[in-house]
Number of protein chains: 4
Amino acid sequence: MPKKLTKLMITGFDPFGTEKVNPSWRAVSNIPDKIESVEIIKQQLPTVFDKSLEKLISQIEDKDPDAIILTGQAGGRHAISVERVAINVNDANIPDNENNKPKDNYIFDHGPTAFFSTLPYKEIVDQIRNYEQIPAEVSNSAGTFVCNHVMYGMLYHLHQRNKPIKGGFIHVPFLPEQVLNKPGKPYMALDDIVKGLLRAIKVTCEV
Amino acid sequence: MPKKLTKLMITGFDPFGTEKVNPSWRAVSNIPDKIESVEIIKQQLPTVFDKSLEKLISQIEDKDPDAIILTGQAGGRHAISVERVAINVNDANIPDNENNKPKDNYIFDHGPTAFFSTLPYKEIVDQIRNYEQIPAEVSNSAGTFVCNHVMYGMLYHLHQRNKPIKGGFIHVPFLPEQVLNKPGKPYMALDDIVKGLLRAIKVTCEV
Amino acid sequence: MPKKLTKLMITGFDPFGTEKVNPSWRAVSNIPDKIESVEIIKQQLPTVFDKSLEKLISQIEDKDPDAIILTGQAGGRHAISVERVAINVNDANIPDNENNKPKDNYIFDHGPTAFFSTLPYKEIVDQIRNYEQIPAEVSNSAGTFVCNHVMYGMLYHLHQRNKPIKGGFIHVPFLPEQVLNKPGKPYMALDDIVKGLLRAIKVTCEV
Amino acid sequence: MPKKLTKLMITGFDPFGTEKVNPSWRAVSNIPDKIESVEIIKQQLPTVFDKSLEKLISQIEDKDPDAIILTGQAGGRHAISVERVAINVNDANIPDNENNKPKDNYIFDHGPTAFFSTLPYKEIVDQIRNYEQIPAEVSNSAGTFVCNHVMYGMLYHLHQRNKPIKGGFIHVPFLPEQVLNKPGKPYMALDDIVKGLLRAIKVTCEV
């Protein structure tokens, strides 16, 4: 029987672009500090290339979690999207929060083309749908902005350090308040995003 | 100063088509029986041409409300949609719950082409957006199925009886649980639908 | 046997809002001057409240057509939308081309709430779908901007003059070139819009 | 100055799922046999895991093209989607044309996680948009069905054989005739898909 995990890190981003809130951090900050026997470490990351990854890696080294769930906003998506893969490219359509806008750069020059998530992404999706009755899906692209950047960078880091810990990324939709002037854009209630992330934590930690 | 309303009727429908729930009735049944000084009369209507209207009118005559808010499911809509107008046509694309599927019939042979809602629909939309931060919009079509049918029929009835009471229709989106296997279809959390209807009641009754 | 029609007027609008072209006029100007035995009168209308209607009515009185098909752009719609009904309201969300932005005004103070189209809208939709294999639908709302304004105004005029001629409105989607920077917005090729309008003319004139 | 290419292979698929046509092959079969000095080799592939790839590779070895553009249908996409990356997974939601439905298998057990396209995908997208005025975009996911399967398999094959030839994948939307009963689904006219592919060939071959 696999050992149950005891320390999970979950991150969210600060707002970017024209948005005043980021549903990922809003949801993460609503997660309790302890879920059953698992200690939850919550961390906000800046929506900035490189800095986000530096902060994440320093936190991983400092806190030494057993599993890591990164979360971010995916404006335009209908469902909680659990990412399958991160690719080795930075290709921004809008500037990050320090005005960087890399185009078609590698994240790591000699890194592999991609890494698969090591979270149980299918099981997370199934349980969010079945137990929470909330729209969720496996996504095959985390984009090419800061979300994919930290997902790839984290998986590369864990691979380099040979750390066999579970890690991956979950994208969440806009909140209702973000789409008031975006007719037709999908959104999800904060409560449902939080329920989805709690379920993801439970599946990941098998609690 | 206009007299505040003291008795409001709000209706929802039973499930129809391939759906197992109807968010309109789910939401209405969560509305309290009294909001400030206003008595709330909740009524489920069958998703059946004519029968729905007969039941509604008999309830109106029996309960004599000061205002009437009809609600129904609008699968595919992103926002709480407060209807502006009902038109004199039954034109079903799917059968109702007793297998009626009228095509291009008048609701009342000698009725006018349309009636405008007499609810304060603009103010309802504005307050749902501003105070509840929930997507809401004025809609210019209640469709041509049972929702439009009861809206038109009620407004025709009130007009015939010369009853100067406020009446109209609010469409609500699918619930999250209804779209699990409808990728890309919009939905709204039940809590948010309820908040929207509560706000509509308050605006209508000026409480 | 009904007399076949011999003179049809078809109109389109000039560009409005932030658009540089209007697919309705682009398509109308590609319609030939004669279709079988039917003379086609093509007329551009300004996207301006009142002026559009004045121009249309003066053209109707001058040219005395047997049928009138008004067309306009419906950005955001997926299909050729043949309108069923026009309502007695001007309610603009953006300014027209002379900076008018009426809010919740009647088009005619003592006009009825709505007029149904007198075009064979169901048959037009069926034939566009079946013979041209192009997406088409009956629409139950022409909006509350200049398109609905001229549709209502024309039907009111024909009704007042007791002219038993067929008249109605067809909305067409954006062109591909209009959505290059509107990700996810639907569009239709100009050739297909033209084919749809030609079919609508043939159905209306029974040629 | 780079040598201009003289032989380009372009493939499309046969229809799959509930569809009666496949816009990719419909478009490819409309491409001429010669474009300026470039010989065009057109090949239909079966929508079947493994068989599609075996046929493709045998054709590549037989015809020895200088560049390869694979195309396929992406129902639900609004734009011509030039793929950036293929991933090492077969994960079907519907059966292929021989009833295979692999779930979460590797395409090649010891293959890398992903390969980037070696087509000039950004330039193709830019030129389709600027010169043809047709919606086009870089896509970061070719899915996990047969399209991604042949794209990954081809890139793996070229990499193993050390063949420095350009290769990649272009997804095209449904045709209008395919969405008549799929309200709201995006589509593109066949002429426009053909224009987009012709432009992609010209960019790839620098003619």
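Scroll up for the structure.
Predicted model only: the values in this text are computed from it and were never measured. (Residues numbered from 1 in each chain as written. Chains lettered and ligands numbered in written order. Predicted model: local features only at pLDDT ≥ 70, side-chain atom pairs only at ≥ 80, totals over all residues. Heavy atoms only, no water.)

Student: Hey, could you run me through unusual backbone geometry in this one?
Tutor: The phi torsion of most residues other than glycine is negative, and most of the peptide bonds are trans. All names here are of chain B. Unlike most non-glycine residues, Asp-104 shows phi in positive territory, near 55°. For Asp-104, the location among the structural elements is in the loop between β6 (85-87) and β7 (114-116). Classification of Asp-104 as partly exposed rests on a relative accessible area of 36%. (Helix = DSSP H or I, 4+ residues; strand = E, 2+ residues; numbered from the N terminus. Buried < 20%, exposed > 50% of the residue type's maximum accessible area, 1.4 Å probe, protein only.)

Student: Teacher, can you tell me more about the packing of aromatic side chains here?
Tutor: Think of a pair of aromatic rings as described by two things: how far the centres are apart, and how the planes are tilted against each other in angle. Taken as a whole, this structure holds 28 aromatic pairs over all chains when the rule is applied. With 4.4 Å between their ring centres and 25° between their planes, Phe-108 of chain B and Tyr-156 of chain B make a pair best called stacked. Placement of Phe-108 of chain B in the loop between β6 and β7 and of Tyr-156 of chain B in helix α4 (residues 146-160) is noted, with a sequence separation of 48 residues between them. Residue class for Phe-108 of chain B comes out partly exposed when judged on its relative accessible area of 28%. One Lys or Arg, Lys-182 of chain A, reaches over the ring of Phe-174 of chain A and ends 4.5 Å from the middle of that ring. (Phe/Tyr/Trp six-rings, centres within 6.5 Å; stacked < 30°, edge-to-face > 60°. Lys NZ or Arg CZ within 6 Å of the ring centre and 35° of its normal.)

Student: Teacher, can you tell me more about the sheet that holds strand β9 (residues 166-172) of chain B here?
Tutor: Pairing between the strands of a sheet comes from backbone hydrogen bonds, and it takes one of two forms, parallel or antiparallel. Residues and elements named next belong to chain B. Read from one edge to the other, the open sheet built from seven strands follows the order β2-β3-β1-β4-β9-β5-β8, with strand pairing classed as mixed. The strands lining the two open edges of the sheet, one partner per strand, are β2 (34-35) and β8 (136-139). With seven bridges joining them, strand β4 (residues 67-73) and β9 adopt parallel strand pairing. Within β9, the residue paired with Gly-72 across the bridge is His-171. (Pairing = 2+ DSSP bridges.)

Student: Hey, could you run me through the side chain of Asp-14 of chain D in this one?
Tutor: Looking at the secondary structure, you find Asp-14 of chain D in the loop between β1 (7-13) and α1 (23-28). Summary of buried charges: Asp-14 of chain D has no salt-bridge partner, and the nearest side chain of opposite charge, Lys-55 of chain D, is 8.2 Å away. (Lys, Arg positive; Asp, Glu negative; His and termini not counted. Salt bridge = Lys/Arg side-chain N within 4 Å of Asp/Glu carboxyl O.)

Student: Help me understand the relation of the copies chain D and chain A, please; the structure alone is not making it clear to me.
Tutor: Both copies of the chain are related by one operation, a rotation about an axis with a shift along it. Screw-axis analysis of chain D against chain A gives a translation of 0.0 Å along the axis, an RMSD of 0.0 Å, and a rotation angle of 180°. Both chain copies can therefore be described as sitting about a two-fold axis. Of the residues that chain D buries at the interface, 100% are likewise interface residues in chain A, meaning the two copies contact each other through the same surface. (Least-squares fit on C-alpha atoms with pLDDT ≥ 70 in both. Contact = heavy atoms within 4.5 Å.)

Student: Got a minute to help me understand the side chain of Asn-22 of chain A in this structure?
Tutor: All names here are of chain A. Along the polypeptide, Asn-22 turns up in the loop between β1 (7-13) and α1 (23-28). Overall, Asn-22 belongs to the buried group, its relative accessible area being 2%. Apart from the residues within four sequence positions on either side, Asn-22 is in contact with Phe-13, Asp-14, Pro-15, Phe-16 and Gln-73.

Student: How do you make sense of the interface of chain C and chain B when you look at a structure like this?
Tutor: Often, the extent of an interface is quoted as the loss of accessible area on bringing the components together. Each side of the interface is counted separately: chain C has 18 residues, and chain B has 18 residues. When chain C packs against chain B, close to 1,400 Å² is buried across both sides, 58% of that on carbon and sulfur atoms. Per-residue buried area on chain C facing chain B is highest for Thr-113, Phe-116 and Asn-140 of chain C; these three make up 35% of the total on that side. Here chain C is connected to chain B by eight salt bridges. Between Lys-122 of chain B and Asp-91 of chain C there is a salt bridge, with the nearest N and O atoms lying 2.6 Å from each other. Where chain C touches chain B, the interface holds 10 residue pairs in polar contact (both at pLDDT 80 or more). Secondary-structure elements contributing two or more residues to the side of chain C that touches chain B are β6 (85-87) and β7 (114-116) of chain C. With three residues, the single largest contributor to the side of chain C that touches chain B is β7 of chain C. Classifying every residue of the side of chain C that touches chain B gives seven nonpolar, six polar and five charged. (Buried area = accessible area lost by both parts, 1.4 Å probe. Polar contact = N/O pair within 3.5 Å; in protein donor to acceptor, adjacent residues only side chain to side chain. Nonpolar A, V, L, I, M, F, W, Y, C, P; charged D, E, K, R; others polar.)

Student: Before we go on, may I ask you to explain helix α5 (residues 190-205) of chain C in this structure?
Tutor: Every α-helix winds through 3.6 residues per turn, so residues three or four apart in the chain are directed the same way. Residue and element names in this part refer to chain C. Taking 1.5 Å of rise per residue, 16 residues should cover 22 Å, and α5 covers 23 Å from first to last C-alpha, within 8% of that figure. When we look at burial in α5, the residues that qualify are Asp-192, Ile-193, Val-194, Gly-196, Leu-197, Arg-199, Ala-200, Ile-201, Val-203, Thr-204 and Cys-205. Looking at the residues trailing α5, positive phi occurs at Glu-206, about 55°. (Expected span 1.5 Å × (residues − 1).)

Student: Whenever I open this one, the arrangement of the chains confuses me. Can you help?
Tutor: Contact between chain A and chain C is absent, and the minimum C-alpha spacing across the pair is 10 Å. These two, chain B and chain D, are apart from each other, with no contact and a minimum C-alpha gap of 10 Å.

Student: Looking at this model, I keep getting lost on the relation of the copies chain C and chain B. Mind explaining?
Tutor: For the pair chain C and chain B, the superposition axis carries a translation of 0.0 Å, the fit reaches an RMSD of 0.0 Å, and the rotation angle comes to 180°. Interface residue correspondence from chain C to chain B reaches 100%, placing this contact among same-surface, isologous pairings.

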